[in-house]
Amino acid sequence: MRAQPADVRIAVEIVVNRPVEHVFAYLSDLRHDPHWWGGIHSSRRLTGDGGVGTVYELDATLLRVRHQTTIEVIAQEPPLRQTIRVRTGPLPYTAYYEWTPETPERTRFRLVAEIVAARPWRWFGPLLSPLLSLLARRYFRRVPAILEATLPE
């Protein structure tokens, strides 16, 4: 299957005061997404162990539209990189996650998502990219507080 060109590209970055292994373990497991990514009501692992080939199903709401999305982990290099792709859902995207240890206790996390804006999202036109970027930045700000409040593993 040939990949469609991305209509929208968003990039978000945060720094978490936790070791890279801790941040990777939390963010690479999409079952944690409902704790920090607004609009995700539930996320469950359908198959796999979290590595390449793992499939998750998310129940989410985006811009007041509720939908089911199936996501597959298509590449992974723990604890530094992971790529996920939507298999089924109304907003096709590929997301590239990257974890960079800045110090033994500090990790930079970066997400780059390439999104294909199908209907009804295409109707937002040039507003879609800034809107999705704003939402992603808002949700990412939650992660450091969540992870820094937990005891290191």
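Relevant structure appears above.
Engineer: So, the overall build of the protein: which residues are in play, and what are the values?
Structural biologist: When its secondary structure is counted, the protein shows four helices and seven strands. Split into buried and exposed, the 153 residues of the protein put 41% on the buried side. A separation threshold of at least 6 residues defines the contact pool for the protein, and within that pool the share at least 24 residues apart is 48%.

Engineer: Quick one: what's the story with helix α3 (residues 128-140), residue by residue and with numbers?
Structural biologist: End to end, α3 covers 18 Å across 13 residues, agreeing with the expected 18 Å (1.5 Å per residue, within 8%). Looking at α3, one finds that the buried residues are Leu128, Leu132, Ser133, Leu135, Ala136, Tyr139 and Phe140. Taken end-on, α3 shows its buried residues confined to a sector of 165 degrees, consistent with a single buried face. On its buried face, α3 is in contact with β1 (8-16), α2 (33-36), β3 (55-62), β7 (106-115) and α4 (142-148).

Engineer: Talk me through the sheet that holds strand β4 (residues 65-77); I want residue IDs and the actual numbers.
Structural biologist: The strand order across the open sheet built from seven strands is β1-β7-β6-β5-β4-β3-β2, with neighbouring strands paired in antiparallel fashion. Looking at the sheet topology across the chains shown, the edges are occupied by β1 and β2 (40-47). The average angle at which neighbouring strand axes cross in this sheet is 25 degrees, direction not considered. As paired elements, β4 and strand β5 (residues 81-88) share seven bridges and run antiparallel to each other. From the neighbouring strand, Gln76 faces β5, where its bridge partner is Gln82. Sheet strands touched by helix α1 (residues 20-27): β1, β4, β5, β6 (93-103) and β7. Its angle to β6, the strand with the most contacts, is close to 160 degrees.

Engineer: Talk me through unusual backbone geometry; I want residue IDs and the actual numbers.
Structural biologist: Between Pro78 and the following residue, Pro79, the backbone shows a cis peptide bond with an omega angle of -5 degrees. Residue placement: Pro79 occurs in the loop between β4 and β5.

Engineer: Tell me what's going on with α1, and back it up with residues and numbers.
Structural biologist: For α1, the buried fraction is high: six of the eight residues fall into the buried class. Looking at α1, one finds that the buried residues are Val20, His22, Val23, Phe24, Tyr26 and Leu27.

Engineer: Could you give an account of the nonpolar core, with specific residues and numbers?
Structural biologist: Counting 37 residues, the largest nonpolar core has Leu27, Tyr97, Trp99 and Phe109 as its most contacted members. By residue number, the principal contributor to this core is α3, which donates six residues. Residues within four places of Phe109 in sequence aside, it is in contact with Val12, Glu13, Ile14, Leu27, Tyr97, Glu98, Trp99 and Phe140.

Engineer: A description of the side chain of Thr70 should follow, citing residues and the corresponding values.
Structural biologist: Inspection of the secondary structure assignment puts Thr70 in strand β4. Those residues within four positions of Thr70 in sequence are excluded, and the remaining contacts are Leu46, Val55, Tyr56, Glu57, Arg85, Val86, Arg87 and Thr88.

Engineer: So what's going on with the pattern of salt bridges? Residues and values would help.
Structural biologist: Between side chains of opposite charge, pairing is possible as soon as their charged atoms come close. Under the counting rule described, the total for this entry stands at ten salt bridges. As a salt-bridge pair, Arg108 and Glu13 come within 2.7 Å of each other at their nearest N and O atoms. Of this pair, Arg108 sits in strand β7 while Glu13 sits in strand β1, placing them 95 residues apart in sequence. Glu13 gets classed as partly exposed once you look at its relative accessible area, which sits at 39%. Note that Arg87 and Glu72 form a salt bridge whose closest N and O atoms lie 3.5 Å from each other. With Arg87 in strand β5 and Glu72 in strand β4, this residue pair connects regions lying 15 residues apart in the sequence. Via salt bridges that share partners, Glu13, Glu102, Arg106, Arg108 and Arg110 belong to a single interconnected network.

Engineer: Quick rundown of the side chain of Thr69? Include the residues and the values.
Structural biologist: Turning to its location among the elements, Thr69 is positioned in strand β4. The class of Thr69 is buried, set by a relative accessible area of 7%. Side chain to side chain, Thr69 and His67 meet in a polar contact 3.0 Å long.

Basis of the calculations
- Residues numbered from 1 in each chain as written.
- Predicted model: local features only at pLDDT ≥ 70, side-chain atom pairs only at ≥ 80, totals over all residues.
- Heavy atoms only, no water.
- Helix = DSSP H or I, 4+ residues; strand = E, 2+ residues; numbered from the N terminus.
- Buried < 20%, exposed > 50% of the residue type's maximum accessible area, 1.4 Å probe, protein only.
- Contact = heavy atoms within 4.5 Å.
- Expected span 1.5 Å × (residues − 1).
- Arc of directions from axis to C-beta.
- Pairing = 2+ DSSP bridges.
- Axes fitted to C-alpha atoms, helices over the stretch in contact; angles between N-to-C directions.
- Core = buried A, V, L, I, M, F, W, Y, C linked by side-chain atoms within 4.5 Å.
- Salt bridge = Lys/Arg side-chain N within 4 Å of Asp/Glu carboxyl O.
- Polar contact = N/O pair within 3.5 Å; in protein donor to acceptor, adjacent residues only side chain to side chain.

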